[in-house]
Amino acid sequence: MALEFLMWELMLLEERVRVQERRIERRVLRDTQDPFDLPREEFVFMFRISHELAFDVINAIRPLLQGQRSSGLSPEVQFLVTVHFYAQGSYQRGLGGNSILNISQPSVSRSISSVTNAINQRLLRQWVKFPMTAVERQKGREKFEAAPQPFEGTLGAIDCTHINILAPIVHEEAYVNHHGNHSLNVQAIVDLDLKILNINARYPGARNDSYIWSVSAVRQGMEYHFNNGERRTWLIGDAGYPLEPWLMTPLPHYPEWTRQFEYTKKLCKARNVVERFFGVFKSVWRCLSYQRVLMYAPDKAGRIVNACATLHNMRIHYKLPNREEDLDVELIGQNMDANLEIPYYIDQQGGPRAVAKRIQRQILDQFDNLRDGEDD
């Protein structure tokens, strides 16, 4: 009996030695194989960001990561582990065995949490900002007016997309979308350069697009500017959104010879920018791809979406191109997640929708060589 106990103790000791050796080997590899030594093209392919962008983000969030030293990882390694997860869509266990980032799965998990929280805290509001000043809003309108497919007065294009997540424990049914998957319904507003003006990743998949818009801070801001005298400034959305003085939507089902048809064609061509954005966004940050599932609770999944949005805008600022081979062409030009539920309106005389109809009529008057359809 004593001999068996000694043998068991010896086996346990040997296993502890092997674990410690693996930890030392992993740390040696990590110290000798610096990802920043990779050529630029390979680095961008692996992490979707440049060396310069990486160093700037790391320096910005370093104070929040230096306190996270229980894993023994530097802020540089913590950040690269996290952005590699965003970019490749690999699950944590796979990342733990990466030949460049030789760290354990628990360290990957801690790094993703720490870095995601740090980006949300330090960088999100700096890099994702809706235009609120008169100068900012004028510049936004000028972008759409100078576009190959212009729609005058447009500040940005709005739409929602679903990001699949792990089924939550609390209110699980609220996250089941119309595809039958558990998701967040994420609202995005973008400009002509695919820059994100606003991202809202707080709502479950069962919420439709018009509801998310109705309670959003951006809607309040657009209404505020309208009530304070701003005219001919709006967002453009699809038929899942309500027509408002500050939000123009299509007029479907009109024949080609009508003003309504030309108006809708022009609006939809301009609004296509948000469809293209979703294709780029989910292709660059593969963890958000339709084929993936973020294995996190809704609040953490939302913070990951926010972090990817922040890095997306930083990529634009640093002029990093979207290589065609990186894009999911099936997502460009169409929103596979489009919620086409038409919102229900209560249109009171002189109310916002009535004002919006008058504004829409003014836009229709631009097509003076065509006539109206039977019903407007």
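Refer to the structure printed above.
Treat the numbers as computed from the prediction; the structure is a model and nothing was measured.

A. Inspection of the overall build of the chain at higher detail. Scanning the chain for helices and strands turns up 13 helices and five strands. Total accessible area on the chain is roughly 18800 Å²; 53% of this is exposed by carbon and sulfur atoms.

B. Quick peek at the pattern of salt bridges. Summed over all chains, the structure comprises 14 salt bridges. Here D193 ties to K143 by a salt bridge, and the two come within 2.8 Å at their closest N and O atoms. A residue pair is termed long-range when its members are at least 10 positions apart, and D193 in the loop between β2 (183–190) and β3 (196–200) and K143 in helix α8 (residues 134–145) qualify at 50 residues. A residue is classified by how much of its surface remains accessible, and D193, at 43% relative accessible area, is partly exposed. Given a relative accessible area of 31%, K143 falls into the partly exposed group.

C. Seen up close, the sheet that holds strand β1 (residues 154–164). Spatial ordering of the open sheet is given by β3-β2-β1-β4-β5, a layout of five strands whose pairing is mixed. The sheet is open, and its two edges are formed by β3 and β5 (247–248), each paired on a single side. Summarising the sheet, β2 and β3 pair through four bridges and their orientation is antiparallel. Counted as the bridge partner of Q187 is N200 from β3. Contacting β1 and β2, α8 crosses the sheet at an angle of about 85 degrees to β1.

D. Region of the structure containing the environment of V81. Tracing the backbone shows V81 in helix α4 (residues 75–88). Residue classification places V81 among the buried positions, given a relative accessible area of 1%.

E. Here's a closer look at the environment of P131. Here P131 lies in the loop between α7 (124–127) and α8. Remark: the alpha-carbon pair of P131 and N198, spanning 67 residues in sequence, is separated by 9.4 Å. Those residues in contact with P131 that sit more than four places away from it in its chain are E136, R137, L155 and L197.

Procedures and definitions
Residues numbered from 1 in each chain as written. Predicted model: local features only at pLDDT ≥ 70, side-chain atom pairs only at ≥ 80, totals over all residues. Heavy atoms only, no water. Helix = DSSP H or I, 4+ residues; strand = E, 2+ residues; numbered from the N terminus. Areas by Shrake-Rupley, 256 points an atom, 1.4 Å probe, with all protein chains shown as cover. Salt bridge = Lys/Arg side-chain N within 4 Å of Asp/Glu carboxyl O. Buried < 20%, exposed > 50% of the residue type's maximum accessible area, 1.4 Å probe, protein only. Pairing = 2+ DSSP bridges. Contact = heavy atoms within 4.5 Å. Axes fitted to C-alpha atoms, helices over the stretch in contact; angles between N-to-C directions.

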